[in-house]
Amino acid sequence: METREKIIRVALEQFLVFGIRAVTMDEIARQVGMSKKTLYEEFSSKEELVNASFEVALREDECAFDEMMKEDEGVIDHLLRMTRYLRERFSSMNPLLMHEIQRFYPKCWKKLEEFKRDHAWKGIVEVLEKGKQSGDFRGEINSEILAFMRLEQITSAFSGNVPGGKYSLLEYHLQIVDHFIHGILTEQGRSNYYKKLAIH
């Protein structure tokens with residue numbers, strides 16, 4: 001693994017678990033096994049490293065979503081695969097992470113917003129439309145508005161305002177996604193959903 005790639009991998013892992021501000025360049029250099037001087041030869045600032053790290057994370061998400069869209073499967077299978085992927089993504093993610101990016105790293109936040117608008121939103125609209133055609137999702141739902149709402153739900157989960165502070169980000173997200181899914185299913189879709197859920 002190249003030095004730059006190794007730094008990004010370690011930094012991203014640390015940022016996701018502990019948040020950005022809690023992780024120092026000293027700590028990243030120590031985890032990678034190099035001097036801080038060598039680290040700064042690759043990345044001139046922490047901001048540059050943050051931007052590079054989340055660019056890699058977004059590329060991975062984009063590839064994963066593209067693969068899911070290529071799969072010739074029903075919309076219920078797609079929903080379950082997407083939920084599983086997000087569960088893995090959120091399971092160890094620091095709830096303050098997105099708040100920190102929005103507040104302190106505007107360039108990185110802009111890229112996240114672009115990804116949300118140009119990639120994630122279109123994918124959700126496509127799945128909702130397929131579900132309406134298959135009869136699994138309610139025909140009267142507005143796919144574009146629902147896709148926007150779904151993305152806002154995900155973003156709001158990262159505000160750091162998880163109710164009472166007694167639930168994890170993952171628990172909070174799973175409740176939101178369960179509510180969303182049951183709001184779009186028809187009777188046929190609900191039946192298919194529970195059958196698939198029993199298998200997965």
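Just above sits the structure.
The rules behind each value
- Residues numbered from 1 in each chain as written.
- Predicted model: local features only at pLDDT ≥ 70, side-chain atom pairs only at ≥ 80, totals over all residues.
- Heavy atoms only, no water.
- Helix = DSSP H or I, 4+ residues; strand = E, 2+ residues; numbered from the N terminus.
- Buried < 20%, exposed > 50% of the residue type's maximum accessible area, 1.4 Å probe, protein only.
- Contact = heavy atoms within 4.5 Å.
- Areas by Shrake-Rupley, 256 points an atom, 1.4 Å probe, with all protein chains shown as cover.
- Lys, Arg positive; Asp, Glu negative; His and termini not counted.
- Charge placed at Lys NZ, Arg CZ, Asp CG, Glu CD.
- 1 Å grid on protein atoms, 1.4 Å probe; cavity = no way out; pocket = protein on both sides within 12 Å on 5 of 7 lines; lining within 4 Å.
- Points joined across faces, edges and corners; volume = space filled by probe spheres on them.
- Core = buried A, V, L, I, M, F, W, Y, C linked by side-chain atoms within 4.5 Å.
- Salt bridge = Lys/Arg side-chain N within 4 Å of Asp/Glu carboxyl O.
- Arc of directions from axis to C-beta.
- Polar contact = N/O pair within 3.5 Å; in protein donor to acceptor, adjacent residues only side chain to side chain.
- Phe/Tyr/Trp six-rings, centres within 6.5 Å; stacked < 30°, edge-to-face > 60°.
- Lys NZ or Arg CZ within 6 Å of the ring centre and 35° of its normal.

Remarks on the overall build of the protein
When you go through the protein residue by residue, the secondary structure sums to ten helices and zero strands. Along the protein, from the amino end to the carboxyl end, the secondary structure elements read α-α-α-α-α-α-α-α-α-α. Based on the C-alpha atoms only, the size of the protein along its principal axes is roughly 60 × 40 × 30 Å. Out of the 200 residues belonging to the protein, those deemed buried represent 44%. Here the contacts in the protein between residues at least 6 apart in sequence split such that 68% fall between residues at least 24 apart. Surface summary for the protein: the accessible area is close to 11,200 Å², and the carbon and sulfur share equals 52%. When the 29 positive and 33 negative side-chain charges of the protein are each reduced to one mean point, those points stand 3 Å apart.

Things to note about the layout of surface pockets
The space that makes up the largest pocket amounts to roughly 830 Å³. Along its surface, the largest pocket is lined by 39 residues, and F65, L86, A120, L151 and I154 are the ones closest to its centre. Those elements that place two or more of their residues in the lining of the largest pocket are helix 4 (46-70), helix 5 (75-90), helix 7 (106-134), helix 8 (143-156) and helix 9 (169-184). Considering every element that reaches the lining of the largest pocket, the biggest residue donor is helix 7, with 13 residues.

Topic: the nonpolar core
The nonpolar side chains of soluble globular proteins are, as a tendency, buried together. The biggest cluster of nonpolar side chains holds 62 residues, and the ones touching the most others in it are F15, I28, F54, I101, L128 and F137. Per-element accounting of this core gives the leading share, ten residues, to helix 4.

Notes on the pattern of salt bridges
Going through the model one piece at a time under the given rule, you end up with 15 salt bridges. Residues E114 and K110 are paired through a salt bridge, measuring 3.7 Å at the closest nitrogen-oxygen approach. You can see E114 and its partner K110 sitting in helix 7, four residues apart, about one turn around the helix. The partner of E187 in a salt bridge is R190, with the nearest N and O atoms 3.3 Å apart. Here E187 and its partner R190 are both found in helix 10 (residues 187-199), three residues apart, which amounts to about one turn of the helix. Residues joined by salt bridges that share partners form a network here, namely R4, E42 and E48.

A look at helix 6 (residues 97-104)
All of the buried residues in helix 6 are L97, M98, E100 and I101. All buried residues of helix 6 lie within an arc of 160° about the axis, which places them on one face of the element. Along its buried surface, helix 6 packs onto helix 1 (3-18), helix 4 and helix 7.

Concerning the environment of K132
Mapped onto the elements, K132 comes out in helix 7. Taking the C-alpha atoms as reference, K132 lies 9.8 Å from G189; in sequence the two are 57 residues apart. A distance of 2.8 Å separates a polar atom in the side chain of K132 from the backbone oxygen of I141.

As for the packing of aromatic side chains
This model, assessed by the stated rule, comprises four aromatic pairs. Seen from their ring centres, F65 and F115 are 6.0 Å apart, and the 25° between their planes marks the pair as stacked. Taken together, the residues span a long stretch of sequence, with F65 in helix 4 and F115 in helix 7 at a distance of 50 residues. In this structure F115 comes out as buried when scored by relative accessible area, which is 13%. A centroid spacing of 5.6 Å and a plane angle of 65° characterise the contact between Y193 and Y194, whose relative ring orientation is edge-to-face. Given the relative accessible area of 6%, Y193 is considered buried. Every member of this aromatic cluster is reached through a ring pair, and the members are F65, Y85 and F115. Geometry around F104 places R21 over its ring, the cationic atom sitting 4.2 Å from the centre.

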